[in-house]
Amino acid sequence: MPDPKAPADPIDARLVRRLAAILNDTGLTEIEVERGDLRIKVARNGAVAPMPTIYAAPTSAPVSAGVPAARPPEAEHEGDVVNSPMVGTVYLQPEPGAQPFVRVGDSVAEGQTLLIIEAMKTMNPIPAPRAGRILEMLVADGQPVEFGEPLAVIG
């Protein structure tokens, strides 16, 4: 019988299974989710590991098996940073060979599409949260992104 005084297991096995399924469905190699103080990172190695590797840290310092789970510190930007609302692959233009949705220096209107993130074979337009000028694009075409990762800066 489990000890009622023992701390609860902070890892939600159903969440880990859902993250692993997203990896399989999207072809991504890793995904990371944060909920409060809990950070779960599920990753797989190319052709070798069919089982995902899981890193969980109930504190701000990542716990890992020799592989750092932390991102580099975020740089401060002038203007408003547009963060990724999902995990997926960034596309800067509507189709291969087309002009990009926006370029650095372009003026944008609130709601104007900045880029597309493909997630689970669905193309999701990412709109400008406000009118302004594109000061920086922080991602490249075809780049995988994580939830919350900075995409662009609007001034």
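Residues numbered from 1 in each chain as written. Predicted model: local features only at pLDDT ≥ 70, side-chain atom pairs only at ≥ 80, totals over all residues. Heavy atoms only, no water.

(A) Molecular detail of the pattern of salt bridges. Inspection of the entire model under this criterion finds one salt bridge. Note that Asp80 and Arg130 form a salt bridge whose closest N and O atoms lie 2.4 Å from each other. Highlighted residues: Asp80 in strand 4 (residues 80–83) and Arg130 in the loop between strand 8 (122–127) and strand 9 (132–137), separated in sequence by 50 residues. On the basis of relative accessibility, which here comes to 37%, the residue Asp80 falls in the partly exposed class. (Salt bridge = Lys/Arg side-chain N within 4 Å of Asp/Glu carboxyl O. Helix = DSSP H or I, 4+ residues; strand = E, 2+ residues; numbered from the N terminus. Buried < 20%, exposed > 50% of the residue type's maximum accessible area, 1.4 Å probe, protein only.)

(B) Region of interest: the sheet that holds strand 7 (residues 113–119). Taken in spatial order, the four strands line up as 8-7-5-10 in an open sheet, and their pairing is antiparallel. Each of the sheet's edge strands pairs with one partner strand only, and the pair in question is strand 8 and strand 10 (144–145). Relative to strand 7, strand 5 (residues 88–91) runs antiparallel, the two sharing three bridges. Bridging across to strand 7, Thr89 finds its partner in Glu118. (Pairing = 2+ DSSP bridges.)

(C) Spatial organisation of the sheet that holds strand 11 (residues 150–154). On the basis of which strands lie adjacent, the open sheet formed by four strands has the order 4-11-9-6 and antiparallel pairing. A single partner strand is all that each edge strand has here, and the edge strands are strand 4 and strand 6 (107–108).

(D) Just the confidence of the model for the protein chain, in detail. Considering every residue of the protein chain, the mean pLDDT works out to 76; 69% of them sit at 70 or more. Low pLDDT (under 50) marks residues 47–74, which in the prediction has 43 contacts with non-local residues, meaning those over four places away or in another chain. (pLDDT = per-residue confidence, 0-100. Contact = heavy atoms within 4.5 Å.)

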